[in-house]
Amino acid sequence: MPHAVPADPDALRARFSEALSAMYRQEVPLYGDLLALVARTNRPASDDQDHRLEVERHGAIRLGTEAELVLVARLFAVLGLHPVGYYDLAPAGVPVHSTAFRPITARGLAISPFRVFTSLLRLELIADPALREEAAAILSRRCIATPRLLELLALAEAEGGLPEADADAFVAEALHVFRWHRTAAVDAPLYARLKAAHPLVADVVCFRGPHLNHLTPRTRDIDAAQAAMREAGMNPKPAIEGPPRRQVPILLRQTSFQALEEPVLFPGPGGEAAGTHTARFGEIEQRGAALTPEGRALYDRLLAQAQAAIADGAPHDDATRRTFAGFPDDPGSLHEAGLAFFRPGTPEPILYEDFLPVSAAGIFRSNLGHDNKTGGLAAGERARFEAALGAKVLDEMALYAAEAGEGQGAAHRSASSPDPLGTEP
Ligand code: OOG
Ligand code: NI
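Residues numbered from 1 in each chain as written. Chains lettered and ligands numbered in written order. Predicted model: local features only at pLDDT ≥ 70, side-chain atom pairs only at ≥ 80, totals over all residues. Heavy atoms only, no water.

A. Structural detail: empty space enclosed by the protein. The full count for this structure, using the stated rule, is 4 cavities of 30 Å³ or more. What the largest cavity holds in volume is close to 140 Å³. Among the elements of the structure, β1 (56-63), β4 (115-121) and α14 (357-366) are those that each provide at least two residues to the lining of the largest cavity. Take the lining of the largest cavity: its biggest share by element is 4 residues, from β1. The residue makeup of the lining of the largest cavity, split by class, is 9 nonpolar, 5 polar and 2 charged. (1 Å grid on protein atoms, 1.4 Å probe; cavity = no way out; pocket = protein on both sides within 12 Å on 5 of 7 lines; lining within 4 Å. Points joined across faces, edges and corners; volume = space filled by probe spheres on them. Helix = DSSP H or I, 4+ residues; strand = E, 2+ residues; numbered from the N terminus. Nonpolar A, V, L, I, M, F, W, Y, C, P; charged D, E, K, R; others polar.)

Structure follows, in C-alpha cells:
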C-alpha cells in the first residue's frame with residue numbers, strides 16, 4: 001500500500017499557531033486587544049500590506065512530569081519544533097528548568113517562526129515531603145493528551161510524518177493540550193497549600209492540563225508598544241526585560257501585561273467553590289543580533305552590573321543604558337570584536353531565536369501573583385532535564401555558528417534557503 005502524503009511540519013505549525021492564537025484570544029480577550037495594539041504600533045495607518053507582521057513568535061507552557069515533557073516533545077516534533085538550549089531558572093527563585101522547542105532551519109523560521117518556551121516543574125524543590133508526595137500523586141494521575149491525539153502521534157511516528165489527511169484532526173486535538181480549564185483538579189484548601197509552597201507549583205499541579213500561559217507577537221518598536229500599552233491602561237510590567245534600546249538591537253527585549261486574576265472553580269464536598277487564579281498574560285517581544293559566546297559573556301557581565309545598580313536604588317532604564325554603554329553599538333565594532341554573529345560576507349547580523357534566563361525569570365516572577373520569592377534555589381541539572389526529555393537539547397551557539405558559515409554546520413547550509421530574517425528591523 002502506498003504511504004499517505006505527509007503534511008509539511010512547517011506548514012502544519014503555521015496552521016497550529018494560528019489556531020492557538022484564535023483560541024487564546026477567545027480565552028483571554030485582553031490578549032486580542034494587545035494584538036490589535038501591536039498591529040497599530042507596528043505600521044503607519046496608511047500601510048497595511050503585511051497583515052501578519054505581528055504573527056506570534058512564541059508561547060509558553062509549564063509541565064508537571066517527565067512523561068508530559070516526553071509527550072509534548074513528540075507533539076512538537078510533528079510541528080517541526082526541536083528542543084534548543086537549557087535554561088535553569090532556579091538561581092532566580094523559580095523552581096523550573098526549561099528548553100525552547102523551536103524551528104532550526106531558515107526555511108522553517110520563514111514559514112512559521114512560532115516556538116514554545118517549555119518548562120518542567122522541579123517538584124523536588126517543595127520543602128514539605130508530604131505536600132511534595134501529594135503533588136506528585138496528582139500529577140501522576142493526569143493525562144494531558146486525548147486518546148485521539150495519542151493515536152495520531154503514534155501514526156505520525158510510524159509513517160515518518162503525519163498524513164496530510166489527518167492535519168485538521170491533529171491541530172484540533174493538539175489544541176486541547178494547551179487550553180484553559182476553569183474547574184481546578186484539586187479542592188480550595190490544597191490549592192492554597194500548594195500556592196503557599198510556590199505560586200508556580202499551584203499553577204502546574206492544580207489544573208487538568210498545562211494551559212498556555214502567554215503568547216507573544218513581534219513588535220517593531222517595543223518602547224513605543226510599551227508606552228501604548230500604558231496609555232491603553234493595559235498594566236504593562238514597569239520595565240522592559242533584556243538589553244536597553246540601541247542602534248544595533250541585540251538578543252531579545254520583552255515586556256508583558258501583568259497576569260490576570262481569573263475566576264476558577266474548586267471542587268469540594270459541598271459542591272464547587274468559586275475562587276481565582278493568576279497565571280495568564282500577554283507579552284510582546286523585539287529581537288536583535290545573536291551574540292557569540294564572547295558577546296554573551298559581555299552581555300551577562302553588564303546585565304549583572306546593571307542589576308546591582310538597580311538593587312542599589314538606581315532607576316532601571318538609567319542603570320541599563322549607562323552600563324550598556326560598554327557594549328559596542330555599530331556593526332563594524334561588533335564584527336571586529338567578535339561579539340555578534342553575521343551572515344557570511346555581510347554586515348547583516350543573524351537574528352537571535354532563543355531566550356534569556358534572567359529575562360525569563362523576570363517574566364515568570366512578575367506574573368506569579370504577589371508572592372515573589374527571589375531567593376536562589378538549588379541549581380538545576382541539564383543532564384537530568386535531558387534524561388527526562390530522552391534526548392540532548394541542541395546547542396544554540398552551534399546553530400548560529402553554522403548559519404554564520406563557521407565550522408561543520410556550514411557545509412550543510414543551502415545557498416538558496418530563503419532569508420527569514422531579512423524582514424526584521
Ligand atoms: C515562561 C517565561 C519565559 C520568555 O519570554 O522569556 C518566557 C513562563 O512564564 O512560563 O516566555
Ligand atoms: Ni515569553
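B. Region of interest: the pattern of salt bridges. By the definition in use, this model includes 26 salt bridges. The salt bridge involving Arg343 is made with Glu348; its shortest N-O contact spans 3.3 Å. Note on Glu348: relative accessible area 30%, which makes it partly exposed. (Salt bridge = Lys/Arg side-chain N within 4 Å of Asp/Glu carboxyl O. Buried < 20%, exposed > 50% of the residue type's maximum accessible area, 1.4 Å probe, protein only.)

C. Spatial organisation of the environment of Pro199. Tracing the sequence through the fold places Pro199 in helix α9 (residues 199-205). On the accessibility criterion, Pro199 (6% relative accessible area) is buried. Taking the C-alpha atoms as reference points, Pro199 and Asn367, 168 residues apart in sequence, are found 9.7 Å from one another.

D. Inspection of helix α16 (residues 396-403) at higher detail. Across the 8 residues that make up α16, a large majority, 6, are buried. Considered for burial, the residues of α16 that qualify are Glu396, Met397, Tyr400, Ala401, Ala402 and Glu403. On its buried face, α16 is in contact with β2 (82-88), β3 (96-102), α4 (106-111) and α11 (293-311). You can read the cap of α16 off the contacts: a side-chain oxygen lies 3.0 Å from the backbone nitrogen of Met397, and it is on Asp395. (Contact = heavy atoms within 4.5 Å. Polar contact = N/O pair within 3.5 Å; in protein donor to acceptor, adjacent residues only side chain to side chain.)

E. Expanded view of the coordination of the nickel ion (ligand 2). Donor atoms from the polypeptide that coordinate the nickel ion (ligand 2) comprise His58 (NE2), His214 (NE2) and Glu283 (OE), at 2.1 Å from the metal. Linear spacing of the donor residues for the nickel ion (ligand 2) on their chain is H-x155-H-x68-E. Taken as a pair, His58 in strand β1 and His214 in strand β5 (residues 214-217) lie far apart in primary sequence, 156 residues in all. Like His58, the residue His214 is buried in the burial classification. (Donors = N, O, S within 2.8 Å, 3.2 Å for Na, K, Ca; no water.)

F. Local environment of the site of ligand 1. Residues in contact with ligand 1, as listed here, are His58, Ala60, Arg62, Phe117, Asn213, His214, Gln254, Glu283, Phe355, Ala360, Ile363 and Phe364. The protein chains hide 100% of the 320 Å² of surface that ligand 1 would expose on its own. At the level of elements, β1 and α14 are the ones that each hand at least two residues to the shell around ligand 1. (Near = heavy atom within 4 Å. Areas by Shrake-Rupley, 256 points an atom, 1.4 Å probe, with all protein chains shown as cover.)

G. Region of the structure containing the environment of Ala22. Tracing the backbone shows Ala22 in helix α1 (residues 9-27). With 10 residues separating them along the chain, Ala22 and Gly32 place their C-alpha atoms 8.7 Å apart.

H. Seen up close, the sheet that holds β2. Here 5 strands make up an open sheet; going across it, the order is β2-β3-β4-β1-β5 and the pairing mixed. Each edge of the sheet is formed by a strand with only one pairing partner; in this case those strands are β2 and β5. This sheet shows a mean twist of 20° between the axes of neighbouring strands, independent of strand direction. Pairing between β1 and β5: 4 bridges, direction antiparallel. (Pairing = 2+ DSSP bridges. Axes fitted to C-alpha atoms, helices over the stretch in contact; angles between N-to-C directions.)

I. Fine view of the packing of helix α6 (residues 147-159) against helix α7 (residues 167-178). Put simply, α6 and α7 touch, their axes get as near as 9 Å, and they point 125° apart. Here α6 lies oblique to α7, going by the angle between them. Remark: the crossing between α6 and α7 carries left-handed chirality. Contacts from Arg148, Leu149, Leu152 and Leu153 of α6 reach α7 at Ala169, Phe170, Glu173, Ala174 and Val177. (Parallel < 35°, antiparallel > 145°, perpendicular 65-115°, else oblique. Left-handed = near helix turned anticlockwise from the far one by under 90°.)

J. Structural detail: the side chain of Asp10. Mapped onto the fold, Asp10 is located in helix α1. Polar contacts involving the side chain of Asp10 include one to the side chain of Arg107, which spans 2.7 Å. Leaving out residues up to four positions away in the same chain, Asp10 has contacts with Arg107, Gly108, Ile111 and Ser112.

K. Just helix α2 (residues 29-42), in detail. When the terminal C-alpha atoms of α2 are compared, their 20 Å separation across 14 residues agrees well with the 20 Å that a helix rising 1.5 Å per residue should span. Turning to α2, its buried residues are Tyr31, Leu34, Leu35, Leu37, Val38, Ala39 and Asn42. On the buried face of α2, the contacting elements are α1, β1, β5, α10 (222-231), β6 (252-257) and β9 (282-287). (Expected span 1.5 Å × (residues − 1).)

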